[in-house]
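A structural walkthrough
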Amino acid sequence: MMSNMADYTKEINKRRTFAIISHPDAGKTTLTEKFLLYGGAINLAGSVKGKATARHAVSDWMEIEKERGISVTSSVLQFEYGGCCVNILDTPGHQDFSEDTYRTLMAADSAVMVIDGGKGVEAQTRKLFKVCVMRKIPIFTFINKMDRDANDTFDLLDEIEKELGIATCPMNWPIGSGKNFKGVYDRQQKCVITYADTEKGTKEGSSTKIAFEDRESLRAHIGEAFMEQLESEIELLDGASAEFDLSEVRSGNLTPVFFGSALTNFGVEIFLQHFLEMATPPLPRKADIGLIEPTEREFSAFVFKIQANMNKAHRDRIAFMRICSGRFDANEEVRHVQGGRVMRLSQPQQIMADERKILSEAYAGDIIGVFDPGIFSIGDTVCMPKDKFCFEGIPTFAPEHFARVRQLDTMKRKQFVKGITQIAQEGAIQIFQEFNTGMEEIIVGVVGVLQFDVLKYRLENEYNVEIRLEKLPYEHIRWIENTNIDLKTLTGTSDMKKIKDLKDRPLLLFINEWSVGMTLERNKGLVLSEFGRG
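Residues numbered from 1 in each chain as written. Predicted model: local features only at pLDDT ≥ 70, side-chain atom pairs only at ≥ 80, totals over all residues. Heavy atoms only, no water.

**Quick look at the overall build of the protein chain**
Of regular secondary structure, the protein chain possesses 13 helices and 33 strands. Counting over 534 residues, the protein chain shows a buried share of 57%. A fraction of 70% describes how many contacts in the protein chain between residues 6 or more apart in sequence connect residues 24 or more apart. (Helix = DSSP H or I, 4+ residues; strand = E, 2+ residues; numbered from the N terminus. Buried < 20%, exposed > 50% of the residue type's maximum accessible area, 1.4 Å probe, protein only. Contact = heavy atoms within 4.5 Å.)

The structure is reproduced here in structure tokens:
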């Protein structure tokens, strides 16, 4: 067993924990699979869409996900590569499950943004990007699907800069796209890397490196036209693009950009190698006693996600924790700060999608799942019994769809309140009440409409309560930051509704976005926020 700090500092510094974010269908789960293929975690990569091989992606594990070919819950995957221990948080790209994605970003030290070369920056990417900016975590960009016809490369970079407000630094440059995709030019090594077919991307491919000086071989491989185009683009690039600066990357101001095709393994390993060099080991975390350094304190962690299984036979809840400092030992007792108790974490496990492995130890940077008998909430802190501090709360993200919820059988009031409160604890929904009333009128807010279906399904199946959902026209929600505001005297717009959350904090709902600005104008000094404090 490793007993001293020096031993486990080495283990902690090997960790790289990142989340993969993208718009639905940009190829994020496929990229995850290819990382695992290179890390030796799986031998054959089974793409979600890979009907030719009729395999399902390893990281999509709920039945609903396999049926629809979308990721609904975030999976946690771990593999070793090049002396690093890599933790990937594969997040749902499907727009109806984005709150889960937001929270997953709170557990990552960096993010990999996957963009479809044929579509560019999409709505989902913008939202998730806002969270990365809020946390100032490094963002690495992989422009995918170059084996299909892609937009102009300069336009793609320009769009990232304008839409997301981050400077870009291309680390390699694509030669052609679609049927004419020849490979990439590596700007650091000044060589062209061409690719051979890789059995539909199910095996690691072989690549040929040709020095840029070796014009003869290059011409033979990519042809005269692409040769000329590459020369002029590199000249333009060297003059116009931002210089590579690692400190700017690590502070989240500059994103290194890579091009490739996850489906056919073009550029995936190059991206992985560069990423592991540039990404940071586990970062310190803010707590109420100051910054908690990963290697300077004993075990501490926070809960960023609670997953209740939708399988009725196993009513298990798993709390996912991100270890922030030190080493976790399954035999030691820990303090659950918010619950005010010292306990041993039950069935600590590492979860590779649906395959669970019981753990005896883990280190800062790792993600572990523990059995939750209903005591944990999102944002809770766990630390050593002698310590007592709380990590900064996870923000509550603004729901975009609202409905009034009533139970059909008034005799089942107790089950209704219990069920809806527990599901809210997991963070799948947010519950609000009318201003000035109690729990008899409940307003549920969700980030994606599919969560209404999940709520209905789970209340009926797990709590035996039938509900009626009445959709409300509101789309915008704002938390009131001021502590001295009297809601009664607030002058709003005709489409504004005053509500409060379960902690009695006042909020405002609006149908139109412009009403937010008007309300701010009418109430001097009012401060509204899109994120609720955790």
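From this point, the discussion proceeds with the structure in view.
**What about the side chain of Arg15?**
With respect to the helices and strands, Arg15 occurs in strand 1 (residues 15–22). We classify Arg15 as buried; its relative accessible area is 6%. At a separation of 2.9 Å, a polar atom in the side chain of Arg15 contacts the side chain of Asp366. Once residues lying within four places of it in the same chain are set aside, the contact partners of Arg15 are Cys85, Asn87, Thr280, Pro281, Pro282, Tyr363, Ala364, Gly365 and Asp366. (Polar contact = N/O pair within 3.5 Å; in protein donor to acceptor, adjacent residues only side chain to side chain.)

**Some words on the layout of surface pockets**
Here the second largest pocket defines a volume of roughly 560 Å³. Lining the second largest pocket are 19 residues, with Met106, Arg135, Arg285, Lys286 and Glu392 sitting closest to its centre. Counting only elements with at least two residues in the lining of the second largest pocket, the list comes to helix 5 (123–135) and strand 12 (285–287). Its residues assigned to classes, the lining of the second largest pocket shows 11 nonpolar, two polar and six charged. (1 Å grid on protein atoms, 1.4 Å probe; cavity = no way out; pocket = protein on both sides within 12 Å on 5 of 7 lines; lining within 4 Å. Points joined across faces, edges and corners; volume = space filled by probe spheres on them. Nonpolar A, V, L, I, M, F, W, Y, C, P; charged D, E, K, R; others polar.)

**Structural notes on unusual backbone geometry**
Residue Lys145 is not a glycine yet carries a positive backbone phi of 60°. By the element assignment, Lys145 lies in the loop between strand 5 (139–144) and helix 6 (153–164). Taking the relative accessible area as the measure of exposure, Lys145 reaches 15% and is therefore buried. Its identity as a non-glycine residue notwithstanding, Asn464 has a phi of 60°, on the positive side. Relative to the helices and strands, Asn464 is located in the loop between helix 12 (450–462) and strand 28 (467–472).

**Remarks on the pattern of salt bridges**
This model, assessed by the stated rule, comprises 22 salt bridges. For the salt bridge of Glu216 with Arg219, the shortest nitrogen-to-oxygen distance reads 3.9 Å. Here the residue Glu216 and the residue Arg219 both occupy positions in helix 7 (residues 215–222), the gap between them amounting to three residues, near one helical turn. Overall, the relative accessible area of 31% leaves Arg219 in the partly exposed class. When salt bridges with common partners are traced through the structure, they connect Arg404, Arg406, Glu434, Glu470 and Lys497 into a single cluster. (Salt bridge = Lys/Arg side-chain N within 4 Å of Asp/Glu carboxyl O.)

**Comments concerning the pairing of strand 11 (residues 254–259)**
Among the six residues in strand 11, six count as buried, and that is most of the element. A two-sided burial pattern is seen for strand 11, the buried positions comprising Leu254, Pro256 and Phe258 on one face and Thr255, Val257 and Phe259 on the other. Sheet topology places strand 5 next to strand 11; three bridges connect them, and they run parallel. Note that in strand 11 the partner of Ile143 across the bridge is Phe259. (Pairing = 2+ DSSP bridges.)

**Things to note about the packing of helix 11 (residues 413–425) against helix 12**
One way to put it is that helix 11 packs onto helix 12 with a least axis distance of 10 Å and a crossing angle of 135°. The angle between helix 11 and helix 12 falls in the class oblique. Relative to helix 12, the crossing made by helix 11 is right-handed. Packed against helix 11, whose contacting residues are Gly419, Ile420 and Ile423, the element helix 12 presents Leu455, Arg458 and Leu459 at the interface. (Axes fitted to C-alpha atoms, helices over the stretch in contact; angles between N-to-C directions. Parallel < 35°, antiparallel > 145°, perpendicular 65-115°, else oblique. Left-handed = near helix turned anticlockwise from the far one by under 90°.)

**Regarding the nonpolar core**
By size, the foremost hydrophobic cluster in this structure holds 62 residues, and its most contacted members are Leu89, Leu105, Ile143, Leu230, Phe259 and Phe304. For this core, the element with the highest residue contribution is helix 8 (residues 224–240), accounting for five residues. Contacts of Leu230, omitting those with residues within four sequence positions, involve Trp173, Ile175, Tyr185, Val192, Phe212 and Ile222. Judged by nonpolar contacts, the second largest core, of 30 residues, contains Ile20, Val86, Leu272 and Met278. (Core = buried A, V, L, I, M, F, W, Y, C linked by side-chain atoms within 4.5 Å.)

**Some points on helix 6**
The end-to-end C-alpha distance of helix 6, which contains 12 residues, comes to 16 Å, matching closely the 16 Å that a straight helix rising 1.5 Å per residue would cover. Within helix 6 the residues assigned to the buried category are Thr153, Leu156, Leu157, Ile160 and Leu164. Along the axis of helix 6, the buried residues cluster in a sector spanning 95°; they form a single face. Among the residues of helix 6, the N-terminal cap falls to Asp152, whose side-chain oxygen and the backbone nitrogen of Phe154 are separated by 3.0 Å. (Expected span 1.5 Å × (residues − 1). Arc of directions from axis to C-beta.)

**Some thoughts on the packing of aromatic side chains**
Counting across every chain of the model gives 17 aromatic pairs. An angle of 85° between the planes, with centres 4.8 Å apart, marks the rings of Phe140 and Phe275 as edge-to-face. Note that Phe140 is positioned in strand 5 and Phe275 in helix 10 (residues 268–278), a separation of 135 residues in sequence. Assessed through its relative accessible area of 1%, Phe275 is described here as buried. Grouped by ring-pair contacts, the aromatic residues Phe18, Phe35, Phe140, Phe142, Phe258, Phe271 and Phe275 constitute a single cluster. The positively charged end of Lys305 is found above the aromatic ring belonging to Phe320, 5.2 Å away from the centroid. (Phe/Tyr/Trp six-rings, centres within 6.5 Å; stacked < 30°, edge-to-face > 60°. Lys NZ or Arg CZ within 6 Å of the ring centre and 35° of its normal.)

**A few points about the sheet that holds strand 28**
Hydrogen bonds between backbone atoms are what pair the strands of a sheet, whose relative direction is either parallel or antiparallel. Read from one edge of the open sheet, eight strands run 28-25-27-26-30-31-29-32, paired in antiparallel fashion. In this open sheet, the two edge strands, each paired with only one partner strand, are strand 28 and strand 32 (528–529). Alignment of strand 26 (residues 430–434) against strand 27 (residues 442–446), held across four bridges, turns out to be antiparallel. Residue pairing across strands places Gln433 opposite Ile442, the latter belonging to strand 27. Strands in contact with helix 11 are strand 25 (401–407), strand 26, strand 27 and strand 28; relative to strand 25, the strand with the most contacts, it is inclined by about 155°. Against the sheet, helix 13 (residues 514–522) contacts strand 29 (476–480), strand 30 (496–501), strand 31 (506–510) and strand 32, and its axis sits at roughly 130° relative to strand 31.

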